[in-house]
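Spelled out from the first residue to the last, the chains are:
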Amino acid sequence: MARPQTKNRPSGPGECPVCGADVPPKALSCPECGADERTGWGGDDTYDGLDLPEESWQDHDDRLTRQKFSQREAGVKRVAWLVLIAFLLPLVLGLIWLVTKK
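Quick summary incoming for the structure in this document. Computed from a predicted model, the values in this text were never measured in an experiment. (Residues numbered from 1 in each chain as written. Predicted model: local features only at pLDDT ≥ 70, side-chain atom pairs only at ≥ 80, totals over all residues. Heavy atoms only, no water.)

### Concerning the overall build of the protein
Then step 1. In terms of regular secondary structure, the protein is built from one helix and zero strands.
Then step 2. By the burial criterion, 10% of the 102 residues in the protein qualify as buried.
Then step 3. Taking as baseline every contact in the protein between residues at least 6 positions apart, the subset at least 24 positions apart corresponds to 23%. (Helix = DSSP H or I, 4+ residues; strand = E, 2+ residues; numbered from the N terminus. Buried < 20%, exposed > 50% of the residue type's maximum accessible area, 1.4 Å probe, protein only. Contact = heavy atoms within 4.5 Å.)

### A short note on a nonpolar patch on the surface
Then step 1. Taken together, the side chains of Trp81, Leu84, Ile85, Leu88, Leu89, Leu91, Val92, Leu93, Leu95, Ile96, Trp97 and Leu98 make up a nonpolar region of the molecular surface, amounting to roughly 1,200 Å² of accessible area.
Then step 2. The residue Leu88 is located in helix 1 (residues 54-101) in this model. (Patch = residues over 30% accessible without salt bridge, like charges linked within 9 Å, V, L, I, M, F, W, Y side chains within 5 Å. Areas by Shrake-Rupley, 256 points an atom, 1.4 Å probe, with all protein chains shown as cover. Salt bridge = Lys/Arg side-chain N within 4 Å of Asp/Glu carboxyl O.)

### Here we look at the environment of Pro24
Then step 1. Within the secondary structure, Pro24 sits in the segment before helix 1.
Then step 2. By relative accessible area, which is 42% here, Pro24 ends up partly exposed.
Then step 3. Placed 10 residues apart in sequence, Pro24 and Gly14 show a C-alpha to C-alpha distance of 6.3 Å.

### Some remarks on unusual backbone geometry
Then step 1. For Lys26, which is not glycine, the phi dihedral falls at a positive 65°.
Then step 2. Inspection of the secondary structure puts Lys26 in the segment before helix 1.

### Some words on the state of the cysteines
Where two cysteines share a covalent bond between their sulfur atoms, that bond is called a disulfide.
Then step 1. Enumeration according to the criterion identifies zero disulfides in this entry.
Then step 2. With no disulfide of its own, Cys19 lies 3.7 Å from the sulfur of Cys30, the closest cysteine sulfur.
Then step 3. With relative accessibility at 28%, the residue Cys19 sits in the partly exposed group.
Then step 4. Of the cysteine sulfurs around Cys33, a residue in no disulfide, the closest is that of Cys16, at 3.7 Å. (Disulfide = S-S within 2.5 Å.)

Note that every value here comes from positions in space, so none of it alone points to a role or purpose.
Rendered as structure tokens:
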């Protein structure tokens, strides 16, 4: 009698690239989310544990850059005002002194 041929079942990835759950060896799908070779186990897929699109990080970096720039801009404005006051105050006081001296 001939032995029945067994299909070569694909090996699970070990960790589901979709949800991060442990996948038993030789599993056909993830026991947690149901992802399988057809619906989400690509050859190079790995689960990074964050599930955040890259755009989110780029937006975050852009916001931080704008925030740092606006803080730097506020600091420059503050210094400009202090320099202006430092020059105008002696000038005004000198004029007042000259007017009252006569």
